[in-house]
Amino acid sequence: MMRRTIRTDRRGFTIAEVIIASMVLIVALLVIATMFPMGHQQVVDAGRMTLAVTAARQVLEDMGSLPFDGIANLNNYSTANAATLPANGPELAAARRWRYMVGGAGGGFTFTGAEMAEYGTVTPMGGTATIQVTSPTGTQRQATVTVSVPGLTTNVQLTTVLVRMF
């Protein structure tokens, strides 16, 4: 007579184990999925911050190439307000270029074909740059540029000191 052996080795998972593992996996995937929009927003904000810092640095760099006595004419200039443009001279040309780069045309600003050819094709960031110039001494000018960009909760503010050497 043949004997039957009963198998006691039952490999596999119970339905309860499968359901619990599935729930843990779903929760983990949901947590990971919520991180993507936050990460994307941080990348977008970092891009805006980079634009603002680059704009502020460009303005300060350009100010270093302007005649020392004319730098004070840029005090209280805002790329959002055409009425604050300097009256004339190289400061006027620089201020118009900054508006073109930061805010583009509109809001009281129009640009000639010659200016647009000189400035090149840019995509304005729609922001605003304001300049404050103080004169601590007769041979120094302190320039502070504040740049704001739509969608960015903080403004970028950079300051430099320009010195007359001769």
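Located above this text is the structure these notes cover.
So, a few notes on the structure that sits alongside this text.

### Topic: the pattern of salt bridges
Inference 1: Evaluated as defined, the whole model comprises four salt bridges.
Inference 2: Among the ionic pairs, R97 bridges to D62, the shortest N-O distance being 3.4 Å. Of this pair, R97 sits in helix α2 (residues 89-102) while D62 sits in helix α1 (residues 15-63), and the two are 35 residues apart along the sequence.
Inference 3: Residue class for R97 comes out partly exposed when judged on its relative accessible area of 23%.
Inference 4: The salt bridge involving D69 is made with R164; its shortest N-O contact spans 2.1 Å.

### A look at the packing of aromatic side chains
Inference 1: One pass over the structure, following the stated rule, counts four aromatic pairs.
Inference 2: Each ring, one from Y100 and one from Y119, has its centre 5.0 Å from the other, and the planes form 45 degrees; the classification is tilted. You can see Y100 sitting in helix α2 and its partner Y119 sitting in helix α3 (residues 113-119), a full 19 residues away along the chain. The exposure classification of Y100 matches that of Y119, with both residues buried.
Inference 3: Ring geometry for F111 against Y119: centres 6.4 Å apart, planes inclined by 80 degrees, an arrangement best described as edge-to-face. Comparing F111 with Y119, the two get one shared label, buried.
Inference 4: Taken together, the ring pairs connect Y100, F111 and Y119 into an aromatic cluster.

Reading guide: rules and limits
Residues numbered from 1 in each chain as written. Predicted model: local features only at pLDDT ≥ 70, side-chain atom pairs only at ≥ 80, totals over all residues. Heavy atoms only, no water. Salt bridge = Lys/Arg side-chain N within 4 Å of Asp/Glu carboxyl O. Helix = DSSP H or I, 4+ residues; strand = E, 2+ residues; numbered from the N terminus. Buried < 20%, exposed > 50% of the residue type's maximum accessible area, 1.4 Å probe, protein only. Phe/Tyr/Trp six-rings, centres within 6.5 Å; stacked < 30°, edge-to-face > 60°.

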